[in-house]
Amino acid sequence: MTAVVDPMTLPTFEAVCVTGKDHDCGATSGELHAEEELTRWIAEHCAETGHDFYHRTTRATLRADSGAWQ
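Residues numbered from 1 in each chain as written. Predicted model: local features only at pLDDT ≥ 70, side-chain atom pairs only at ≥ 80, totals over all residues. Heavy atoms only, no water.

**Student:** Quick one: what's the story with the overall build of the protein chain, residue by residue and with numbers?
**Tutor:** Helix and strand counts for the protein chain come out as one helix and four strands. Helices and strands in the protein chain line up, N terminus first, as β-β-α-β-β. Across its three principal axes, the protein chain shows a C-alpha extent of roughly 50 × 25 × 15 Å. Burial status across the protein chain gives 19% buried among its 70 residues. A total accessible area of about 5400 Å² is found for the protein chain, and carbon and sulfur atoms account for 54% of it. (Helix = DSSP H or I, 4+ residues; strand = E, 2+ residues; numbered from the N terminus. Buried < 20%, exposed > 50% of the residue type's maximum accessible area, 1.4 Å probe, protein only. Areas by Shrake-Rupley, 256 points an atom, 1.4 Å probe, with all protein chains shown as cover.)

What follows is the structure, given as structure tokens:
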């Protein structure tokens with residue numbers, strides 16, 4: 001069994017601001033298709049708010065090939 005990234009689809013990146021004492025800020029970048037865009041969003045949010053902790057999610061479409069394993 002193998003699972004490979006589908007080269008015909010773009011990965012998505014998303015960040016959520018988790019800065020906060022009583023609760024997370026919760027601001028989200030939304031789904032972006034370039035890691036540089038995500039970094040820019042984080043930098044802008046940090047500059048505006050001073051928030052410095054984020055969760056990042058990276059998603060990709062995979063193609064499974066069961067091969068000999070079925």
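**Student:** Describe the nonpolar core, with residues and values.
**Tutor:** If you look at the biggest cluster of nonpolar residues, it comprises seven residues: Phe13, Ala15, Cys17, Leu32, Leu38, Trp41 and Tyr54. Among the elements of the structure, strand E2 (12-17) and helix H1 (35-49) are those that each provide at least two residues to this core. Examining the composition of this core, we find that three residues originate from one element, E2, more than from any other. When neighbours within four sequence positions are excluded, cysteine 17 is seen to be in contact with Asp24, Cys25, Gly26, Ala27, His45, His51, Phe53 and Tyr54. (Core = buried A, V, L, I, M, F, W, Y, C linked by side-chain atoms within 4.5 Å. Contact = heavy atoms within 4.5 Å.)

**Student:** Which residues make up H1, and what values go with them?
**Tutor:** The first and last C-alpha atoms of H1 sit 21 Å apart over 15 residues, in line with the 21 Å expected at 1.5 Å per residue. Check the buried side of H1 and you find it contacts E2 and strand E3 (54-59). (Expected span 1.5 Å × (residues − 1).)

**Student:** Give a detailed account of the pattern of salt bridges, specifying residues and quantitative values.
**Tutor:** Working definition: two side chains of opposite charge can pair if their charged atoms are close together. Tallying each qualifying case throughout the model produces one salt bridge. Measuring nitrogen to oxygen at the nearest pair gives 2.4 Å for the salt bridge that ties arginine 56 to glutamate 35. Here arginine 56 is found in strand E3, whereas its partner glutamate 35 is found in helix H1, with 21 residues between them in sequence. Its relative accessible area of 35% is what places glutamate 35 among the partly exposed residues. (Salt bridge = Lys/Arg side-chain N within 4 Å of Asp/Glu carboxyl O.)

**Student:** For the environment of threonine 28, give the residues involved together with the corresponding values.
**Tutor:** Structurally, threonine 28 can be placed in the loop between E2 and H1. A relative accessible area of 42% places threonine 28 in the partly exposed class. Through-space distance from the C-alpha of threonine 28 to that of threonine 49 is 13 Å; in sequence the pair is 21 residues apart. Not counting chain neighbours up to four residues away, the residues in contact with threonine 28 comprise Glu14, Ala15, Val16 and Trp41. Reaching out from threonine 28, the side chain makes a polar contact with the backbone oxygen of alanine 15 at a distance of 3.3 Å. (Polar contact = N/O pair within 3.5 Å; in protein donor to acceptor, adjacent residues only side chain to side chain.)

On their own, these measurements won't tell you what the molecule is for.
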